[in-house]
Amino acid sequence: MRNRFPFFKNNPEITYLDSAATSQTLDTVIEDTYNFLQNHKSNAHRSGHSMGAWVDNQYWLAKEKIGIWLGIHNPENRIIFNSGASQGLYDAIQLATRIDDFSVFIGGDFHHSLSLPFKNTNYNELKYIDVNNSGVINTYHLEELLRNDTSKNKIVAVTAVGNITGTVNDLPRIRSICERYNAITILDACQSMGKILHNYDGFDFVSWSWHKIYGPNGLGCLLIDPKWLEHDPVHPGGGSVVHVNYETQEYLSNATKFESGTPNLQAICTLPRLIDWLIENQNNITAHDKELAAFANELFDTKLFKSQTGLISLKIEKGAVEDVTMLLDANNIMSRGGNLCAEPLVKSVTNGKGLLRFSWGAYTTKQELEYAAEKLGEVHERISRFA
Amino acid sequence: MKEFQDLHEDLFLLEDPMDKYEFIMEYGNQATSVQEFDTQEFELVPGCTSRLWLRYENKSFICQADSTIVKGIAGMICDWYNQATESQRQEFSLEKLNEIGLAPILSMGRQNGVANLIKRIKYMEYWGNKNPPK
């Protein structure tokens, strides 16, 4: 699969282990971006000419392909394009909190984008669901929190895979508990999408970004349960309506009503061929990911959570995490260190020191992980002399 | 007193980034301005990706940091600044650091941190060891 990513041909000296932050880009995505900008740039939905029709076709084809990939019926009613997962989560939270008398329960392995939009909402209680020693959400604690909560409405916001834990949360059980308590469910699927195919039926909102799945920057998707179509858009504007008059307006009846303005068409037009590749390679991608997780667990002493997918986070004993990432960078190894946009959990498990994270993609090799382990040893040795 | 970039021209001459970092870490270990002290919240320099504290006392700057590399960079700056003439101090900026080849090895976050350190030095020199306005 690696030969489908031009980055590695152009930069053979780089060991890229920061795919959880952003992945490298599939060749078809680069080609289709150029093709759109050089040959097809025009607007969707509103153009009366053939170029606009071409873009329209790509737009609807992209939604159709997402439907096939994720096993979703009527994707036109369920897929919203946006700027990325953070916008998707923000919009989901805006829609979900248009109610009175509600409490919020957030998985303790949350990314900041899943928690911050709740801060200005009118909740009765905001509580965090424990993460157990294996790095997954404690579903017994979730059930206990929901059972003891006296608010009329409940909202549960969780990640599918934690961006510091690399562990897979028990989504079927979370969904079944939430169904029992009639809770609205918001899922951050950034670290699972493209690696593990989940069944997302029954979740109210599922958000992800395409730049983490070998795709373009500036494009995300929010998958919604069709019942949310009854709501007015979070960002009303051009492209979200059928009719507007001076007093009233009629919004579109499909998910496009939540996409006012011109969408990121040069990114959307790359999705059909990207998704074809994902569908064709899904089994290989998932198997390769699992194999690398097992290999990383053998190579690195995480002192924290055993990886199940995508990434491994390490506690650093000597020196600061930042020193380690800079010295790894001096060896052309791209890693990530610090609070990883999950500050509360990282602080609690590292006493404020931060974590070092290596993360991989379909193109990553075992040799690259071995090289990182070897250089990490050398870096530790150098830092030990001074720390 | 030499200019900052002349004082640290050795750093510029080192080609391997690992050697540059080693030079910086070694400097942090021997810098007179890097000292242990009971840090206060307001002494934390904002914008650094790891924690760096700066104190101004007896007309000298001392610093402390979690990161060995940050200790080295801050130590180089504070040591030089403590001995610099007034006109040298006035002219000191982030660019002077870049002239010794620091820019390519500093991430944008770290460059912001160093820029904030220089700002904080200049603020404290004028206003003393106190909390700058938000």
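Parameters and conventions
Residues numbered from 1 in each chain as written. Chains lettered and ligands numbered in written order. Predicted model: local features only at pLDDT ≥ 70, side-chain atom pairs only at ≥ 80, totals over all residues. Helix = DSSP H or I, 4+ residues; strand = E, 2+ residues; numbered from the N terminus. Buried ≥ 20, exposed ≤ 12 C-beta atoms within 10 Å, placed from the backbone. Contact = placed C-beta atoms within 7 Å. Expected span 1.5 Å × (residues − 1). Core = buried A, V, L, I, M, F, W, Y, C linked by C-beta atoms within 7 Å. Domains from an automatic or database assignment. Nonpolar A, V, L, I, M, F, W, Y, C, P; charged D, E, K, R; others polar. Pairing = 2+ DSSP bridges. Axes fitted to C-alpha atoms, helices over the stretch in contact; angles between N-to-C directions.

## Observations regarding the overall build of chain B
Point 1. Looking only at helices and strands, one finds seven helices and two strands in chain B.
Point 2. Reading chain B from its N terminus to its C terminus gives the helix and strand order α-α-α-β-β-α-α-α-α.
Point 3. Each of the 134 residues in chain B was classed as buried or not, and the buried ones make up 39%.
Point 4. For chain B, restricting intrachain contacts to residue pairs at least 6 apart in sequence, the fraction spanning at least 24 positions comes to 64%.

## Re helix H4 (residues 85-96) of chain A
All names here are of chain A.
Point 1. Here H4 is twelve residues long and its end C-alpha atoms lie 16 Å apart, about the 16 Å a rise of 1.5 Å per residue gives.
Point 2. The set of residues buried in H4 consists of Ala 85, Ser 86, Gln 87, Gly 88, Leu 89, Tyr 90, Asp 91, Ala 92, Ile 93, Leu 95 and Ala 96.
Point 3. Buried residues in H4 make contact with strand S2 (79-82), helix H5 (112-115), strand S5 (153-159), strand S6 (184-188), strand S7 (205-209) and strand S8 (220-224).

## Details of the nonpolar core
Point 1. Core analysis: the largest hydrophobic core is formed by 141 residues, its most contacted members being Ile155(A), Ile186(A), Ile268(A), Leu52(B), Cys63(B) and Ala74(B).
Point 2. In terms of residue count, helix H4 (residues 68-83) of chain B provides more of this core than any other element does, nine residues in total.
Point 3. Beyond its immediate chain neighbours, meaning those up to four positions away, Ala74(B) contacts Leu52(B), Cys63(B), Ala65(B) and Leu117(B).

## Structural notes on the domain arrangement of chain A
All names here are of chain A.
Point 1. Domain boundaries in chain A define domain 1 (2-26 + 283-384) and domain 2 (29-273).
Point 2. For domain 1 and domain 2, the distance between their C-alpha centres works out to 27 Å.
Point 3. Listed as interface residues are 26 residues of domain 1 and, on the opposing side, 25 residues of domain 2.
Point 4. Listed by contribution, the elements that provide at least two residues to the side of domain 1 that touches domain 2 are helix H9 (271-299), strand S11 (311-315), helix H11 (343-350) and strand S14 (355-359).
Point 5. No other element matches H9, which puts four residues into the side of domain 1 that touches domain 2.

## A word on the interface of chain B and chain A
Interface size is commonly expressed as the accessible surface area that is lost when the partners come together.
Point 1. Residue-level contacts link 14 residues of chain B with twelve residues of chain A.
Point 2. Within the residue set of the side of chain B that touches chain A, elements represented by two or more residues are helix H3 (17-30) and H4 of chain B.
Point 3. Partitioned by chemical class, the residues of the side of chain B that touches chain A number five nonpolar, six polar and three charged.

## A few points about unusual backbone geometry
Leaving glycine aside, a negative phi is the common case for residues, and trans is the common case for peptide bonds.
Residue and element names in this part refer to chain A.
Point 1. The residue Asn 332 is not glycine, and still its phi comes out positive at about 65°.
Point 2. Residue placement: Asn 332 occurs in the loop between helix H10 (321-330) and strand S12 (333-334).
Point 3. C-beta crowding within 10 Å serves as the criterion here: with 15 such atoms nearby, Asn 332 is assigned to the partly exposed category.
Point 4. Here the phi dihedral of Asn 351 falls at roughly 55°; this positive angle occurs in a residue that is not glycine.

## Quick word on the environment of Tyr90(A)
Residues and elements named next belong to chain A.
Point 1. Tracing the backbone through its elements, the reader meets Tyr 90 in helix H4.
Point 2. Classification of Tyr 90 by C-beta neighbours within 10 Å gives buried; the count is 20.
Point 3. Along the chain, Tyr 90 and Ser 207 lie 117 residues apart, while their C-alpha atoms are 9.7 Å from each other.

## Details of the sheet that holds S14(A)
All names here are of chain A.
Point 1. Taken in spatial order, the three strands make up an open sheet running S11-S14-S13, and their pairing is antiparallel. Both edges of this open sheet fall to S11 and strand S13 (336-338), since each of them pairs with a single strand only. For this sheet, the mean inter-axis angle between neighbouring strands, taken without regard to orientation, is 20°.
Point 2. Bridge analysis of S11 against S14 gives five bridges, and the strand direction is antiparallel. Its bridge partner lying in S14, Leu 311 is registered against Ser 359.
Point 3. Sheet contacts for H10: S13 and S14; angle to S13, the most-contacted strand, approximately 165°.

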